Structure formats: structure tokens, C-alpha cells
Amino acid sequence: MLFLFGLLVSACTPQLISTYDEKVENSLMELHGKLETFFIEMEDIAGTPAADYMLHKGFYDDLQFNLSYLSIRCRAKLNNEKTVEQLELLESSLKSLEEIHKEGIASYELVRTLREQFNIALTAILQLELAKKRGL
């Protein structure tokens, strides 16, 4: 009887956060790879004509597409507000990066700082997704 009660209680326990999504994890890693490649390139060309925004506009369009995919996927899942929140912050950071780039990326130090900030943001989102995998 106690066993049946335990099953009943566990079946009625509300899920407070969404379940793990392998596609979200893979998409985050792909996004990280694209950002890392971009920042490594920018470290080498900062302050030169090769760093001009218009030469890299496709990068921003591609990342915006990837983030849109992630956001839609995450919004479609119940109890996924924390991940959606973090993705919205990442999208805002990407827009800020694009604005900075339009003004000109003039130094290696700026690129290093931006790179570190994006790594922190992506790590936080990935940690949450991996916590879901462990069952929080």
C-alpha cells in the first residue's frame, strides 16, 4: 500500500523546470564554436580594415538565425522560462556586439573582454541544460 502511495505522489509531483533537450545542447555548442572562431579571427585583425563590420555582417545574420531557432525550440517547452530568459540575454548581448562592431573593433583587449563575456553567458546556459540532463 505504501508503495502505491509513493507512486501516486510521484506521479502528481509538478515539474518545475523543463526536461533536458539534446538539440538545445548541440545548438549551444555549435553557437559557441561560431563565436570562438569569430573572436579568434577578430583578435588577429582588430584595428585593421579586415575587421570592418560589413565584411562580417553574414556572421551576425547566421548567429541571429541560430538564436531564433534555439529560442523558438525553448519557448515551445513547458517550464523552460529560465533557459528562455538566458537566451534573451544572449540575444541582447549579440545585438550589443554587433553595435560595437559597427563602431569599430580597434583592439585585441576589447575582443578578449567580449569573448570572455560570451563564454560566461554560454557556459551558464549550457550548465542549466546539463543540470536538466542530470534531473536537477
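Residues numbered from 1 in each chain as written. Predicted model: local features only at pLDDT ≥ 70, side-chain atom pairs only at ≥ 80, totals over all residues. Heavy atoms only, no water.

Chemist: Would you explain the packing of aromatic side chains in this entry?
Modeler: For any two aromatic rings, the description comes down to two numbers: the centre-to-centre distance and the angle of the planes. Summed over the entire model, instances satisfying the criterion amount to six aromatic pairs. Arranged with centres 4.1 Å apart and planes meeting at 10 degrees, the rings of Phe38 and Phe59 form a pair that is stacked. Placement of the pair is Phe38 in helix H2 (residues 22-45) and Phe59 in helix H3 (residues 57-75), with a sequence separation of 21 residues. Here Phe38 and Phe59 have matching classes, each one buried. With centroids separated by 5.8 Å and ring planes inclined at 70 degrees, the aromatic side chains of Phe38 and Tyr60 adopt a geometry described as edge-to-face. You can see Phe38 sitting in helix H2 and its partner Tyr60 sitting in helix H3, a full 22 residues away along the chain. The class for Phe38 is buried, based on a relative accessible area of 4%. Exposure remark for Tyr60: the relative accessible area of 2% places this residue in the buried category. An aromatic cluster is built from Phe38, Phe39, Tyr53, Phe59, Tyr60 and Phe118, whose rings are joined through pairwise contacts. (Phe/Tyr/Trp six-rings, centres within 6.5 Å; stacked < 30°, edge-to-face > 60°. Helix = DSSP H or I, 4+ residues; strand = E, 2+ residues; numbered from the N terminus. Buried < 20%, exposed > 50% of the residue type's maximum accessible area, 1.4 Å probe, protein only.)

Chemist: Looking at this model, I keep getting lost on unusual backbone geometry. Mind explaining?
Modeler: Although it is not a glycine, Asn79 sits at a positive phi angle of roughly 60 degrees. Tracing the backbone through its elements, the reader meets Asn79 in the loop between H3 and helix H4 (81-103).

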